[in-house]
Each structure stands twice: as structure tokens, then as C-alpha cells.
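# Fold and geometry: a report
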Amino acid sequence: MPISILPAVEADIPAISRLQVAAFASHPRMPMQWPRGYTADFYAYKEMGDREDFQDSANHYWKAIDSETGEMVACADWSFHLESDVEAGEKLTVESGPPESWPEGGNWELKRFYRLNTRRMIGDYIGKQPHIMLNVLTVLPEHQGRGAGRQLIQWGVKEADKLHVCMCLESTPAGLALYKSMGFVVREVVAANMHDFGWKEPYDEEAAHRIFMVREAR
Ligand SMILES: CC(C)(COP(=O)(O)OP(=O)(O)OC[C@H]1O[C@@H](n2cnc3c(N)ncnc32)[C@H](O)[C@@H]1OP(=O)(O)O)[C@@H](O)C(=O)NCCC(=O)NCCS
């Protein structure tokens, strides 16, 4: 299989930001979250956030490369929370207003709704347990189904089993089968009512779903 995985370096960040945007571009929630589309200020905001996360020593970015072409086809961002005396959800701060870099027209209230729920669910289902969280896994659409996603997850699962810690993530409906096959179990499905967040058209319920999953320590 000509896909290999390796740790990302900071110089990969612009490409990683673009890869994540490309992988989620057709997700039906994107026009609800970013009604103006992918503007220059959106890319600047995205890249700044990814760079800050990369520089956080708790985070581990990995990339999947097509060995034949050298192209980056997928990436994953993990954060390791190994202290057991801290309430995990408290570390995720959720400001009441958007940051200065927030792209014009972005749906801040929707972003805040999901972030508040993420914080609550980490508190409810992880509490003070040391854990590893998968923040993002993305595979370019034309390279999906080639095993890149599974290889990236396998790295995190191996680390968690070495450390005997639990894991958590939030999945889209598309990622469910992969995560279940790696031992993750659904704990809660969060669904925003998009009509409360300014969306006027009908929409597929699944577009609003974020599925919180946990894999117990082994
Ligand atoms: C979901 C996703 C991460 C899976 O990564 P991937 O590299 O395509 O998956 P893999 O090739 O490693 O396959 C792993 C499993 O994913 C599932 N899968 C992969 N491609 C799929 C497809 N086109 N349709 C449905 N399931 C698929 C299968 O269960 C597969 O297991 P199998 O090989 O035993 O059949 C990737 O397709 C993706 O990024 N999708 C869009 C963005 C997204 O929703 N990401 C969020 C995940 S939280």
C-alpha cells in the first residue's frame, strides 16, 4: 500500500490547513458555519489556529503521504492530556465573543454551541481521566478509502494502549464505521437546530450531528 505516515513539521501547517478545508468542503454544515465561503480572512484564521495548536506541546500532528507522488493526502491532530488531577473539559476555553481573527460573516454562535457541548461532554464522559483526544482527522476526497485514515488512527490507538489511557473524539456520520472498528463507542450525539442559528432552508439532520465517542483504556 503506497501510503506511509510520519510526524508533521511546522512547515506543513499551511498545507495541512488547506487539506482540512478541502476534505470538509462538501460537508453540508460548511455553508451554515461559513456562509461567505472560504475567503482570504477565513484561511488566515484557520491557519493561525492550526499553527497555535501545532506549537502546543500537548499536540501531535501526523501526516499521510502517497509514497509514489510525495503528496500529503491526509492528516490527524491528537492532543495528549495525561495529568489525572485536572478536569479535562475545563482546559477548553470558550469565549463569549469571537476572537479578533474571526472571519467576517462566520457563524460564531454555531461554533460556540458546538464548543460548549464539546467541553461539557469531555467533562461528562472523561472527567479527570488521563486521555488522548483526536481533534481532527481528514483525508482528501480523492484519496479516501485507501487506508490513510486507518493508519493515522492506528498510531493514536497504539500510543493510548502503551499509556493505558482512554481516548475520545467527535465524529461526523462519515467517520463512524472506521472509529467503531477501532474500538470507539458512541456516547452522545449533539445536534444543533440550524434554524436557531440563522439557516433558512431545509437541511439533512445528519449535517448537524457531532457524535462524541470514547474508547476505554486498555
Ligand atoms: C472518514 C475518513 C476519515 C476515513 O478515512 P479513509 O482514509 O477514507 O478510510 P480508510 O481507507 O482507512 O478506511 C477505513 C474505514 O473507513 C470506512 N470508509 C472508508 N472509505 C469509505 C467510503 N468511501 N464510504 C464509507 N465508508 C468508508 C470503512 O469502514 C473503512 O473500513 P474497511 O477498509 O474495513 O472497509 C475519511 O473518509 C474522511 O476524511 N471523510 C470526510 C471528512 C470527514 O468526515 N472526516 C471526519 C471524520 S471525524
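Structure first, text after, so check above.
Report on the accompanying structure. (Residues numbered from 1 in each chain as written. Predicted model: local features only at pLDDT ≥ 70, side-chain atom pairs only at ≥ 80, totals over all residues. Heavy atoms only, no water.)

This part is about the overall build of the protein chain. Secondary structure summary: the protein chain contains six helices and seven strands in total. Expected size for 218 residues packed as a compact globule is a radius of gyration near 17 Å; at 17 Å, the protein chain falls within 12% of this value. With the principal axes as the frame, the protein chain shows a C-alpha extent of 45 × 45 × 30 Å. Pairs at least 24 apart in sequence give 77% of the contacts found in the protein chain among residues at least 6 apart. Between the centroid of the 23 positive side chains of the protein chain and the centroid of its 32 negative side chains there is a distance of 3 Å. (Helix = DSSP H or I, 4+ residues; strand = E, 2+ residues; numbered from the N terminus. Rg over C-alpha atoms; globule rule 2.2 N^0.38 Å. Contact = heavy atoms within 4.5 Å. Lys, Arg positive; Asp, Glu negative; His and termini not counted. Charge placed at Lys NZ, Arg CZ, Asp CG, Glu CD.)

Before going further, it helps to spend a moment on the site of the ligand. By nearness alone, 19 residues border the ligand, and Gly145, Gly147, Gly149, Arg150 and Thr172 come closest of all. Between glycine 145 and the ligand, the recorded distance is 2.8 Å, taken from a backbone N or O atom to an oxygen atom. In the model, an oxygen atom of the ligand is placed 3.2 Å from a nitrogen or oxygen of the arginine 146 main chain. Protein contacts shield 66% of the accessible area of the ligand, which totals 890 Å² for the unbound molecule. Every element with two or more residues in the shell around the ligand is listed here: strand E4 (131–139), helix H5 (148–163), strand E5 (166–171) and helix H6 (176–181). Across the shell around the ligand, the residue classes break down as eight nonpolar, eight polar and three charged. (Near = heavy atom within 4 Å. Polar contact = N/O pair within 3.5 Å; in protein donor to acceptor, adjacent residues only side chain to side chain. Areas by Shrake-Rupley, 256 points an atom, 1.4 Å probe, with all protein chains shown as cover. Nonpolar A, V, L, I, M, F, W, Y, C, P; charged D, E, K, R; others polar.)

The next subject is the pattern of salt bridges. Applying the stated criterion to the full structure yields twelve salt bridges. Between aspartate 124 and arginine 120 there is a salt bridge, and its shortest N-O distance comes to 3.0 Å. Of the two residues, aspartate 124 and arginine 120 both sit in helix H4 (residues 108–125), four residues apart, roughly one turn of that helix. Using a relative accessible area of 32% as the deciding quantity, one classes arginine 120 as partly exposed. The partner of glutamate 170 in a salt bridge is arginine 210, and the shortest N-O contact between them spans 3.2 Å. Taken together, the residues span a long stretch of sequence, with glutamate 170 in strand E5 and arginine 210 in strand E7 (residues 209–215) at a distance of 40 residues. Glutamate 170 sits in the buried class, given a relative accessible area of 18%. Through salt bridges that share partners, Glu10, Glu47 and Arg51 make up one connected network. (Salt bridge = Lys/Arg side-chain N within 4 Å of Asp/Glu carboxyl O. Buried < 20%, exposed > 50% of the residue type's maximum accessible area, 1.4 Å probe, protein only.)

Let us look at the side chain of asparagine 59. Its location among the elements puts asparagine 59 in strand E2 (residues 59–66). Accessibility expressed as a relative area gives 13% for asparagine 59, which makes it buried. Side-chain polar atoms of asparagine 59 contact the side chain of aspartate 77, separated by 3.3 Å. Those residues within four positions of asparagine 59 in sequence are excluded, and the remaining contacts are Asp53, Asp77, Trp78, Ser79 and Asn135.

With six of seven residues buried, E7 is to be regarded as a mostly interior element. As judged from the five bridges shared by E5 and E7, these two strands associate in the antiparallel manner. Bridged to cysteine 168 within E7 is valine 214. Alignment of strand E6 (residues 185–191) against E7, held across six bridges, turns out to be antiparallel. Residue pairing in the sheet places valine 190 in a bridge with arginine 210 of E7. (Pairing = 2+ DSSP bridges.)

Function-wise, these values are silent; they only describe arrangement.
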